[in-house]
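What follows is the residue order along each chain.
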Amino acid sequence: MNRQEYLKVLSEVEVFRSKLNVPGFVSDNPPPRYDFCSKNALFGYDLSLCMEFLRKRDLIPVCDSSVKRLSENIYPCSHPEFLEVYDRAIFTNMTVLEKLTQDDPSIVWISWGHSMGLAAKKYLDNFKRIGQIYGIVGASAFNNGYAGLRLFEIENIEGPNASSRSKKIAFFYRGPQPAEATASLIDSLQNQDDPLDPKS
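Rules used throughout
Residues numbered from 1 in each chain as written. Predicted model: local features only at pLDDT ≥ 70, side-chain atom pairs only at ≥ 80, totals over all residues. Heavy atoms only, no water. Helix = DSSP H or I, 4+ residues; strand = E, 2+ residues; numbered from the N terminus. Buried < 20%, exposed > 50% of the residue type's maximum accessible area, 1.4 Å probe, protein only. Areas by Shrake-Rupley, 256 points an atom, 1.4 Å probe, with all protein chains shown as cover. Phe/Tyr/Trp six-rings, centres within 6.5 Å; stacked < 30°, edge-to-face > 60°. Lys NZ or Arg CZ within 6 Å of the ring centre and 35° of its normal. Pairing = 2+ DSSP bridges. Polar contact = N/O pair within 3.5 Å; in protein donor to acceptor, adjacent residues only side chain to side chain. Disulfide = S-S within 2.5 Å.

When helices and strands are counted, the protein chain shows five helices and eight strands. Helices and strands in the protein chain line up, N terminus first, as α-α-β-β-α-β-β-α-β-β-β-β-α. In the protein chain, which comprises 200 residues, the share counted as buried stands at 48%. Looking at the protein chain as shown, the accessible area adds up to about 9900 Å², and 51% of this sits on carbon and sulfur atoms.

Below, the structure is given as structure tokens:
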């Protein structure tokens, strides 16, 4: 682990923590329901809602580097006002984030997941604690399409291999969605072309 990077991210976490009582930025104008919305804008909107949800619970989201690709886009941004969140979001590599989550249970690890697997799986397997909250950014393994941000809470750890069971506690896709709708909506989105990214 890079100690310099760890200390840098730790200072960003402390800045975020000092502002937990201050409401974050959530735009009054949600993204259009059916018109084109660039991936970086849409994810920015959902990430800001997720950050606000966690802030109210004194939790601090930190994204691993696999998620950073969603803050960038090869197409012009359709709604620049939704990009402001990236100035406040914390991104770092997985080894630093592994240490952070071990040291501080208020850190919520947000990683990238798709039908072929989870980017941070080998790390997340090591931080299982009852009550730990983590986030998964849904994606397609084939077209890199964005399919929402889910939050889970580990509610049970059992068995000889310490497998864990998690419950969905929140889901953001173009705004808050019922947590129980997550799995079917994600599956549906992963089985079709990305509705948010135009073909070149």
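The structure having been displayed, the exposition proceeds.
Quick look at the packing of aromatic side chains now. On inspection of all chains with the given rule, the structure shows seven aromatic pairs. Of the aromatic side chains, those joined through ring pairs into one cluster are Phe-43, Tyr-86, Tyr-146 and Tyr-173. Here the guanidinium or amino end of Arg-57 rests over the ring plane of Phe-53, the centre of that ring lying 3.6 Å away. Over the ring of Phe-91 we find Lys-68; its NZ or CZ atom is 4.5 Å from the centre of that ring.

Time to look at the pairing of strand S3 (residues 107–114). Within S3, seven of the eight residues are buried, which leaves it mostly tucked inside the rest of the structure. Direction of pairing for strand S1 (residues 60–64) relative to S3: parallel, over a ladder of four bridges. For Val-62, the partnering residue across the bridge sits in S3 and is Trp-109. Where S3 lies against strand S5 (residues 133–139), six bridges are found, and the strand directions are parallel. When the bridges of S5 are listed, Trp-112 appears paired with Val-137. By the bridge criterion, two bridges tie S3 to strand S4 (residues 117–118) in an arrangement that is antiparallel. Looking across to S4, one finds that His-114 is bridged to Gly-117.

A separate point is the environment of Ser-106. With respect to the helices and strands, the residue Ser-106 is situated in the loop between helix H3 (94–103) and S3. Ser-106 sits in the buried class, given a relative accessible area of 12%. Each C-alpha atom, one on Ser-106 and one on Pro-61, is 8.5 Å from the other, the two residues being 45 residues apart in sequence. A polar side-chain atom of Ser-106 sits 3.2 Å from a polar atom in the side chain of Arg-17. A polar atom in the side chain of Ser-106 sits 2.6 Å from the side chain of Asp-104.

Following the criterion strictly, the structure yields zero disulfides and no others. This cysteine, Cys-50, is not joined by any disulfide, and Cys-63 carries the nearest cysteine sulfur, 7.9 Å off. Under the relative-accessibility criterion, Cys-63 is labelled buried at 2%.

With that settled, the discussion passes to the pairing of S1. With five of five residues buried, S1 is to be regarded as a mostly interior element. Residues Ile-60, Val-62 and Asp-64 point to one face of S1 and Pro-61 and Cys-63 to the other, with burial holding for every one of them. Bridge count between S1 and strand S2 (residues 91–92): two bridges; the pairing is parallel. Residue pairing across strands places Asp-64 opposite Thr-92, the latter belonging to S2.

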